[in-house]
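Okay, here's what each chain looks like letter by letter:
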Amino acid sequence: MNINDIFQRFVNEKINGHGREEQPKRKTNKLLAAAVSLFALFGLILPWLSGIITDLYWFEAQGFAILFWRRYIAQAQLFAAAFVASFVIFAANCFIAARNGGGIDVSDTPIAKKKNIFLVCAVVSALFALYSMGMWDEFLKFMHPTSFGKKDPLFGMDISFYVFTLPFVQYILGWLRGIVFFAGIASAVIYFVKGCTGISDGKFFIAAEMRLHLTVLVSLFLALFGGTYWLDRYELLFSPTGVVFGAGYTDEHILLPALSAMAVAMFAAAVLLFVNFFKPMWKASVIFVIFLFAAGFAARALLPAAIQQYIVKPNEYEMEKKYLGYHLDFTRSAFGLDNVRSVSFTPEGEVTASELADDNETVQNIRLWDYSPLLRTYRQLQAIRTYYNFEDVFIDRYPLNGKNRQVMLAVRELDLSKLQNPTWVNTHLEFTHGYGVVMNPVNEISSGGMPYFFMKDIPVHENVNIPIERPQIYFGSGNYEYALVKTKVKEFDYPMGASNVRNVYDGDGGVPIGSLWRRILFALRFRDSEILFTGSLSKESRVLYNRNVRMAFEKAAPFLIYDAETYPVIIDGRILWVQDAFTWSERYPYSNPFFSADDTLIHFTGVNYIRNSVKCVEDAYTGRMEFFAVDENDPVLATWKKIFPGVFKGRDKVSEELCAHFRYPEDFFEVQTEVHRTYHMTDTNTYYNREDVWEVTPVGRKRRIQPNYVTMKLWGEKTPEFAIIVPYMPLGRDNLIGWMAGRCDSKSYGELLVYQFPKQKLIYGPGQVEALIDQNPEISAQLSLWSQRGSDVIRGDLLVVPVGKSLLYVQPLYLKAETGELPELKRVIVSTGGKVAWAEDFGAALEKLMGQKVTLSTGTKRENVGNTAQPSAQTPTGNDRKSLAAEASALYNAAISAQKNGDWALYGEKIKKLGDIISKLQEK
């Protein structure tokens, strides 16, 4: 009996003797496999599919189906092409190796072995194909390039080659190298298993078939490497070494020839390797290839450092001069700074009273309310209920009484995290939206240091002619759950005394969810079975999701960069959200990439080309989204328009009312001001020596000066306009050297203007003015007194505002109880020409600064800017402490009564008046 018989007998005994014991195990294994399959189906696959299908519903509802399908089709095309190409290359090489190694035809290979080879090839090909899907955007840009109309100075190629073509070609070459490499490894393993290589009689041998096969693969691999070296020549335009970003003297004269030589060496090696198989001349070939490769390697790795150190550095400026010029030119062009209008201007010593009167519209729009203190005030006085919140405060301008008035406004959004009873019905069916807008002028103060409201309360009470017909906020800047609307449950609209006003959504936003099929899909998407079993849905019901405005736009068009701020505007009675979007690239030759010094602009890190080419608009009630192309000259946007036709509407489709609210985006302006502080130097020698670097961060501070939106009359212009401005200081100094303005009004939108001040004259900078304020005895003494009483003094942003032919500095000062959350605008500090004054309101402060009466109009029926206490029948008439105390007591009791009745608007009104009385008591 041989060993095989013994083994077979042993197996039979085990099967016959223990068959009954194995049967339960088999059943258990089958049940386990079934459970795993069900988990994969219901826990992974179906939720994934439901997410894709419901995404499609959302894109279709928005009218952006092409944004959905074009991406998936491109990914499918890449996957199919990569899979087929990979599988053909892998399978062909594996079967050739199997046939050559076995000495038999492939058709004679056992079926099981064929299946195994096919399976391995399919798995590896699928991995390569999956990786390629991530290149869908580069693939689409490669297929739809747009000329920039500008060529690089080294190779004479249009910029579009580097932005649209080169990245995808580089990817294809790298992908092919990987395919050929793994095909060679797989073939070598098969040959080894087949015994086609090894040691025989003490000598290493390789079968002829194996040599030929691997020679072809290695030749192809070397040729692909040669192509990579050839394309690396173009990467010199993005070289971060040397005094410029891009190719310098050493790059052009040493590295460029070296890369060319290495490419030629690789091509030659590929050809010679293949030829030598048929006509051996190994010695000469090896010597030739080694010489080329060594020369190229030395020129790339060793020679550049020596040339740079001993030839370029001693004469660096002269040898790098033309490359410095390329770098300056291309960087300014890439960041939209090539058309900046620079004006030399010498400000007068100080602002005069006549200039204040002549430039009245600028003065009346100077912002006294800082964003952070005002946001706290809004939340304390106007949130009304705990489940409402103001995410941020925004600045805008509206035409009132024939003139533009700058206002601060915020949207009262829903905050479900503060809901007292967060049941499923409450969070998804009843509490579905926020309500209304709060608005105040930028420079007016009411009693108790509170803002004077143009819009306030619920329902919205308007003091100006800006009607709101749709105050409900279903889509906003907060974090929103999905909402089910048009259900059998009436939605909570807003609170009213002891009861609540109910509402039924009558818009067409969201996606229908009336059918059982869609309920199943959305139950899987949100992992919420209540959607499936609730009896509140009807055939007309709709589901609102992707309700955060910025995140919705990012989902629809992820190839754009979005501004950090989404701001609201009121147009034709509706609240619209405006989101600025930017086209970008990291592939603009000679342009220095942007790197943020803090987290505020981190989304622009690495970008070296950017344009504010797109304005996005979304309706706060319906969630309807629109993309507007506002820069028709942008080649990157032109390419995306080719890829996604019909998505981007022309600027002519923007209504005049909406266009009047567009503004120069703050993030984009900050990027440009940061780049311009160095690249304003057009002279290469000045730039090389860094003789005139500017700064936007005062000495001794970590935080840069934030740009400010102002209504002002730019020097040299006849009428006031809305603009964003920021001052510049020389590096390491506190005095002003100039300031930049980004124009926002329709007629001049997008223009950049820089005013440069003379270097020989002292123009006070923000740090120097703050030092003057600190040195003022009256101010410093009062600040110390407030601090001793346990109050927190909050100093607002110091604004630098051009008025007339000089500069006016304005800083609001807030007071907050140490344990409180309600800051009061207590004083306004003004300065010009080295003089400092302060008062309780802006008008009084200006009069004190000028030493004479200053007549200012606020654009409303009020006498003085900033002195706008709202008249009331309850204003105390007695001036003695007893009458004031009695009035304070009455106001307190009225406020408590309003609080108990749920009348929060009246409560806020009484508290504000109480604050006014307390201030008068403190003065007495």
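Residues numbered from 1 in each chain as written. Predicted model: local features only at pLDDT ≥ 70, side-chain atom pairs only at ≥ 80, totals over all residues. Heavy atoms only, no water.

S.K.: Just checking my understanding: could you explain the overall build of the chain for this structure?
M.R.: Within the chain, the regular secondary structure consists of 25 helices and 31 strands. Within the chain, the fraction of its 924 residues that count as buried is 52%. If you take every contact in the chain between residues at least 6 apart in sequence, the share linking residues at least 24 apart comes to 67%. Carbon and sulfur atoms provide 57% of the accessible area of the chain, an area that totals close to 42100 Å². (Helix = DSSP H or I, 4+ residues; strand = E, 2+ residues; numbered from the N terminus. Buried < 20%, exposed > 50% of the residue type's maximum accessible area, 1.4 Å probe, protein only. Contact = heavy atoms within 4.5 Å. Areas by Shrake-Rupley, 256 points an atom, 1.4 Å probe, with all protein chains shown as cover.)

S.K.: What should I look at first to understand the pairing of strand β19 (residues 609-619) in this one?
M.R.: The side chains of a regular strand alternate, first on one face of the sheet and then on the other. For β19, a buried count of eleven out of eleven residues is recorded, marking the element as mostly surrounded by other parts of the structure. Sheet topology places strand β18 (residues 574-585) next to β19; nine bridges connect them, and they run antiparallel. Counterpart to Ala581 in the pairing with β19 is Val614. Where β19 and strand β20 (residues 625-629) come together, five bridges link them in antiparallel fashion. Within β20, the residue paired with Glu618 across the bridge is Met625. (Pairing = 2+ DSSP bridges.)

S.K.: Mind showing me how you'd approach the packing of helix α7 (residues 249-278) against helix α9 (residues 316-334) here?
M.R.: How two helices pack is summed up by the angle between their axes together with the distance between the axes. Viewed as axis vectors pointing N to C, α7 and α9 meet at an angle of 100°, and their least axial separation amounts to 8 Å. In this view, α7 runs roughly perpendicular relative to α9, as classed from their interaxial angle. Taking contact as the criterion, the partners of Tyr249, Glu252 and His253 in α7 are, on α9, Met319, Glu320, Lys322 and Tyr323. Here the contact of α7 with α9 is built from residues that sort into three nonpolar, one polar and three charged. (Axes fitted to C-alpha atoms, helices over the stretch in contact; angles between N-to-C directions. Parallel < 35°, antiparallel > 145°, perpendicular 65-115°, else oblique. Nonpolar A, V, L, I, M, F, W, Y, C, P; charged D, E, K, R; others polar.)

S.K.: Is there a simple way to think about the nonpolar core in this case?
M.R.: A general trend in soluble globular proteins is that nonpolar side chains are found buried together. By size, the foremost hydrophobic cluster in this structure holds 252 residues, and its most contacted members are Phe627, Phe648, Trp739, Leu808 and Phe842. Sort the elements by how many residues they give to this core and helix α5 (residues 159-193) lands first, with 15 residues. Apart from residues no more than four positions distant in its own chain, Leu808 is found in contact with Val351, Leu356, Ile366, Leu799, Val800, Val801, Val803, Ser831, Thr832, Phe842, Leu846 and Leu849. Within the second largest apolar cluster, seven residues are counted, among which are Phe475, Ala483, Val485 and Tyr621. (Core = buried A, V, L, I, M, F, W, Y, C linked by side-chain atoms within 4.5 Å.)

S.K.: Please clarify how a negative patch on the surface should be interpreted in this entry.
M.R.: Residues Glu469, Asp572, Glu656 and Glu657 make up a contiguous surface patch of negative charge. Inspection of the secondary structure assignment puts Glu656 in helix α18 (residues 656-659). By relative accessible area, Glu656 is classed as exposed at 70%. (Patch = residues over 30% accessible without salt bridge, like charges linked within 9 Å, V, L, I, M, F, W, Y side chains within 5 Å. Salt bridge = Lys/Arg side-chain N within 4 Å of Asp/Glu carboxyl O. Lys, Arg positive; Asp, Glu negative; His and termini not counted. Charge placed at Lys NZ, Arg CZ, Asp CG, Glu CD.)

S.K.: What exactly am I supposed to notice about the environment of Val607 here?
M.R.: Here Val607 is to be found in the loop between β18 and β19. On a C-alpha basis, the gap between Val607 and Pro593 in space is 5.2 Å, while along the polypeptide they are 14 residues apart. Residues within four places of Val607 in sequence aside, it is in contact with Phe335, Ile561, Trp584, Ser585, Glu586, Pro593 and Phe594.

S.K.: Help me out: how do you make sense of the packing of aromatic side chains in this one?
M.R.: Each aromatic ring pair is characterised by the separation of its centres together with the angle its planes make. Enumeration over the complete set of coordinates arrives at 70 aromatic pairs. Residues Tyr482 and Phe526 carry aromatic rings whose centres are separated by 4.3 Å and whose planes lie at 15° to one another, so their mutual orientation is stacked. Here Tyr482, found in the loop between β11 (472-473) and β12 (483-485), pairs with Phe526, found in the loop between α14 (516-525) and α15 (530-533); they are 44 residues apart in sequence, far enough to count as distant. By relative accessible area, which is 5% here, Tyr482 ends up buried. We classify Phe526 as partly exposed; its relative accessible area is 24%. Plain terms: the ring middles of Phe559 and Trp640 are 4.0 Å apart, the flat faces sit at 20° to each other, and that makes the pair stacked. Of this pair, Phe559 sits in the loop between α16 (549-556) and β17 (561-571) while Trp640 sits in helix α17 (residues 635-643), placing them 81 residues apart in sequence. Neither residue differs from the other here; Phe559 and Trp640 are each classed as buried. An aromatic cluster of three or more residues is present, and its members are Phe148, Phe164, Tyr323, Tyr326, Phe330, Tyr588, Tyr590 and Tyr609. One Lys or Arg, Lys150, reaches over the ring of Phe330 and ends 4.5 Å from the middle of that ring. Between the NZ or CZ atom of Arg177 and the centre of the ring of Phe225, over which it lies, the distance is 5.1 Å. (Phe/Tyr/Trp six-rings, centres within 6.5 Å; stacked < 30°, edge-to-face > 60°. Lys NZ or Arg CZ within 6 Å of the ring centre and 35° of its normal.)

S.K.: What is the right way to look at α16 in this model?
M.R.: Helical geometry note: an α-helix holds 3.6 residues per turn, so side chains three or four residues apart project in the same direction. Among all positions in α16, only Val549, Ala552, Phe553 and Ala556 are buried. Angularly, the buried residues of α16 cover 95° about the axis, an arc narrow enough to put them on a single face. With a side-chain oxygen positioned 3.3 Å from the backbone nitrogen of Arg550, the residue opening α16 is Asn548. (Arc of directions from axis to C-beta. Polar contact = N/O pair within 3.5 Å; in protein donor to acceptor, adjacent residues only side chain to side chain.)

S.K.: Explain the sheet that holds β19 here, please?
M.R.: Backbone hydrogen bonds hold the strands of a sheet together, and the pairing may be parallel or antiparallel. Spatially, the five strands line up as an open sheet ordered β17-β18-β19-β20-β21, and their pairing is mixed. One side of each edge strand has no neighbouring strand; the edge strands of this open sheet are β17 and β21 (648-650). Strand-to-strand twist across the sheet, computed as the mean angle between neighbouring axes with direction ignored, equals 35°. Against the sheet, α16 makes contact with β17, β18, β19 and β20, and its axis sits at roughly 125° relative to β17, the strand it touches most.

S.K.: Sorry, what's going on with the pattern of salt bridges here?
M.R.: Between side chains of opposite charge, a pair can form when the charged atoms approach closely. Considering all chains together, one arrives at 36 salt bridges under this definition. One salt bridge in this structure joins Glu674 and Arg677, with 2.9 Å as the shortest N-O distance. Placement of both Glu674 and Arg677 in helix α19 (residues 666-679) is noted, with a separation of three residues, approximately one turn of the helix. You can call Arg677 buried: its relative accessible area is 16%. A salt bridge links Glu695 to Arg677; the nearest nitrogen and oxygen atoms lie 3.6 Å apart. Of the two residues, Glu695 sits in strand β22 (residues 694-695) while Arg677 sits in helix α19, which places them 18 residues apart along the sequence. Within the structure, one salt-bridge network assembled from shared partners comprises Arg341, Glu717, Glu721, Arg743 and Glu751.

S.K.: What should I look at first to understand the confidence of the model for the chain in this one?
M.R.: Close inspection of predicted coordinates is inappropriate for parts of the model with low pLDDT. Confidence in the prediction for the chain averages 86 pLDDT; 87% of positions are at 70 or higher. Here helix α24 (residues 881-900) stands out as the least confident element of the chain, with mean pLDDT 63; β18 is the most confident, with 98. Contacts for the low-pLDDT stretch residues 859-879, under 50 throughout, to residues beyond four places or in other chains number 50 contacts. (pLDDT = per-residue confidence, 0-100.)

S.K.: How should I be thinking about helix α12 (residues 371-382) in this particular structure?
M.R.: Compared with an ideal rise of 1.5 Å per residue, which puts twelve residues at 16 Å, α12 spans 15 Å between its outermost C-alpha atoms and is within 8% of the ideal. Within α12, burial applies to Pro373, Leu374, Leu375, Thr377, Tyr378, Leu381 and Gln382. (Expected span 1.5 Å × (residues − 1).)

S.K.: What should I look at first to understand the pairing of strand β30 (residues 824-832) in this one?
M.R.: Counting buried positions over the nine residues of β30 gives eight, a clear majority of the element. Relative to β30, strand β29 (residues 806-817) runs antiparallel, the two being bridged by seven bridges. Bridge pairing in β30 places Pro812 opposite Val828. Following β29, the chain reverses through six residues before pairing antiparallel with β30.

S.K.: Help me out: how do you make sense of the sheet that holds β12 in this one?
M.R.: The sheet built from three strands is open, its strands ordered β12-β16-β15 with antiparallel pairing. If you trace the sheet from one side to the other, it starts and ends with β12 and β15 (511-512), each paired once. Direction of pairing for β12 relative to strand β16 (residues 542-544): antiparallel, over a ladder of three bridges. Of the residues in β16, the one forming a bridge with Val485 is Arg542.

S.K.: Is there a simple way to explain the packing of α5 against helix α6 (residues 208-232) in this structure?
M.R.: Two elements in contact, α5 and α6, have axes separated by 10 Å at closest approach and are oriented at 160°. One finds that α5 runs roughly antiparallel with respect to α6. As α5 packs across α6, the resulting crossing turns out to be left-handed. Of the residues in the contact of α5 with α6, the class split is 17 nonpolar, six polar and two charged. (Left-handed = near helix turned anticlockwise from the far one by under 90°.)

S.K.: Explanation requested: the environment of Thr682 in the structure shown.
M.R.: Checked against the element boundaries, Thr682 lands in the loop between α19 and α20 (684-689). Relative accessible area serves as the criterion here: at 59%, Thr682 is assigned to the exposed category. Separated by 358 residues in sequence, Thr682 and Leu324 have C-alpha atoms that sit 9.9 Å apart. The residues contacting Thr682, other than those within four sequence positions of it, are Leu328 and Arg332.

S.K.: Is there a simple way to think about a nonpolar patch on the surface in this case?
M.R.: Nonpolar side chains collect at one region of the surface, where Phe181, Phe182, Ile185, Val189, Phe192 and Val193 lie side by side and expose about 620 Å² of accessible area between them. Within the secondary structure, Phe182 is located in helix α5.

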